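Take a look at the letters that make up each chain.
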Amino acid sequence: MTSRAPRIAAWLALLIPAFLLGGALVSQYVFGLYPCEMCYWQRWPHWAALALGGIAVLSVRRVQGLAVGMAALAAIAIAASGLIGGFHAGVEYGWWEGLTTCATSVPAGATTDDVLNSIMAAPLVRCDAAPWSMFGISLAGYNFLLSLAGAAAIYLLLRRKQPGTIVA
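The structure displayed is predicted, hence computed values, not measured ones.

Undergrad: Can you lay out the overall build of the protein for me, pointing to particular residues and giving the numbers?
TA: Counting its secondary structure elements, the protein contains five helices and two strands. Secondary structure elements of the protein, listed N to C terminal, follow the sequence α-α-α-α-β-β-α. A burial count over the protein gives 33% of its 168 residues as buried. In the protein, once contacts between residues fewer than 6 apart in sequence are set aside, the share between residues at least 24 apart is 77%.

Undergrad: Would you mind going over the packing of aromatic side chains in detail, with residue names and values included?
TA: Enumeration over the complete set of coordinates arrives at one aromatic pair. When the centroid spacing of 5.1 Å and the interplanar angle of 50° are considered together, the rings of Y93 and W95 count as tilted. With relative accessibility at 32%, the residue Y93 sits in the partly exposed group. Of the residues examined, W95 reaches a relative accessible area of 59% and is grouped as exposed.

Undergrad: Please set out the nonpolar core residue by residue, giving values where relevant.
TA: Ranked by size, the top nonpolar core spans 21 residues in total, and within it I78 and I154 carry the most contacts. Counting residues per element, the ones that place at least two in this core are α1 (5-29), α2 (37-59), α3 (64-92) and α5 (139-159). Excluding residues within four positions of it along the chain, I78 makes contact with A13, I16, P17, H46, A49, S147, A151 and I154.

Undergrad: Residue-level account of the packing of α1 against α3, with values.
TA: For any two helices packed against each other, the geometry is given by the interaxial angle and the distance between the axes. Contact geometry of α1 with α3 gives a least axis separation of 9 Å together with a crossing angle of 35°. Considering how the two elements wind past one another, α1 and α3 form a crossing that is left-handed. On α3, the residues touching P6, A9, A10, A13, I16 and P17 of α1 are Q64, V68, A71, A74 and I78. For the contact of α1 with α3, a count of residues per class yields ten nonpolar, one polar and no charged.

Undergrad: Describe the side chain of H46, naming the residues involved and giving the relevant values.
TA: Looking at the element boundaries, H46 is found in helix α2. For H46, the side chain forms a polar contact with the side chain of S147, separated by 3.3 Å. With sequence-adjacent residues up to four places away left out, H46 is seen in contact with P17, L20, L21, I78, S81, N143 and S147.

Undergrad: Lay out a nonpolar patch on the surface with the relevant residues and their values.
TA: A cluster of nonpolar side chains, F19, L83, F144, L145 and L146, forms an exposed patch at the surface whose accessible area comes to about 490 Å². Sorting elements by how many residues they give to the nonpolar patch places α5 first, with three residues. By the element assignment, F144 lies in helix α5.

Undergrad: Can you break down the side chain of N143 residue by residue, with the values?
TA: Secondary-structure assignment places N143 in helix α5. Only 2.8 Å separates the side chain of N143 from the side chain of S147, close enough to count as a polar contact. With residues up to four places along the chain from it excluded, the contact list for N143 reads L20, Q42, H46, S81, G82, G85 and L148.

Undergrad: Would you mind going over the environment of R7 in detail, with residue names and values included?
TA: Checked against the element boundaries, R7 lands in helix α1. A relative accessible area of 31% places R7 in the partly exposed class.

Undergrad: Describe the packing of α3 against α5, listing the residues and the values that go with them.
TA: In the contact formed by α3 and α5, the axes pass within 7 Å of each other and the chain directions differ by 155°. Between α3 and α5, the interaxial angle falls into the category roughly antiparallel. Crossing of α3 against α5: the hand is left-handed. Each residue belonging to the contact of α3 with α5 can be placed in one class, and the counts come to 14 nonpolar, eight polar and one charged.

Reading the values: rules and limits
Residues numbered from 1 in each chain as written. Predicted model: local features only at pLDDT ≥ 70, side-chain atom pairs only at ≥ 80, totals over all residues. Heavy atoms only, no water. Helix = DSSP H or I, 4+ residues; strand = E, 2+ residues; numbered from the N terminus. Buried < 20%, exposed > 50% of the residue type's maximum accessible area, 1.4 Å probe, protein only. Contact = heavy atoms within 4.5 Å. Phe/Tyr/Trp six-rings, centres within 6.5 Å; stacked < 30°, edge-to-face > 60°. Core = buried A, V, L, I, M, F, W, Y, C linked by side-chain atoms within 4.5 Å. Axes fitted to C-alpha atoms, helices over the stretch in contact; angles between N-to-C directions. Left-handed = near helix turned anticlockwise from the far one by under 90°. Nonpolar A, V, L, I, M, F, W, Y, C, P; charged D, E, K, R; others polar. Polar contact = N/O pair within 3.5 Å; in protein donor to acceptor, adjacent residues only side chain to side chain. Patch = residues over 30% accessible without salt bridge, like charges linked within 9 Å, V, L, I, M, F, W, Y side chains within 5 Å. Areas by Shrake-Rupley, 256 points an atom, 1.4 Å probe, with all protein chains shown as cover. Salt bridge = Lys/Arg side-chain N within 4 Å of Asp/Glu carboxyl O. Parallel < 35°, antiparallel > 145°, perpendicular 65-115°, else oblique.

Written out as structure tokens, the structure reads:
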């Protein structure tokens, strides 16, 4: 009899980043909460975790060692996003100063007019102002809380002893 913990951990490694990325994309495209630069920083580890979690889910029945490894790497990526979210929340709450300045993406070889038009057309989104909060917690704060809790849950599931294992 094998433990269900690796399978649950693999599914969490897939569903947690999917849920958090989905929430970020819905808040952006449905509710018009445009992300700042640090919001984008939080998404990158979740995209990586989503891929790693997908591999974990697909391999959990065939190669359990691979699934456990991929779920563990996904947990690290989820925790990284949470830590970035914690830093971002601290910037929003004024606990410390952020690292970013005004940023825009302009293709290489663009003219001065192209750069100016890109800057003028971009919505002004500040990293130090939370566009939304609930119970005094911003989206970055929720990413911090949910990501670290999710990464901890995956880690604890992966640390569970298999049934029948003799502990010395």
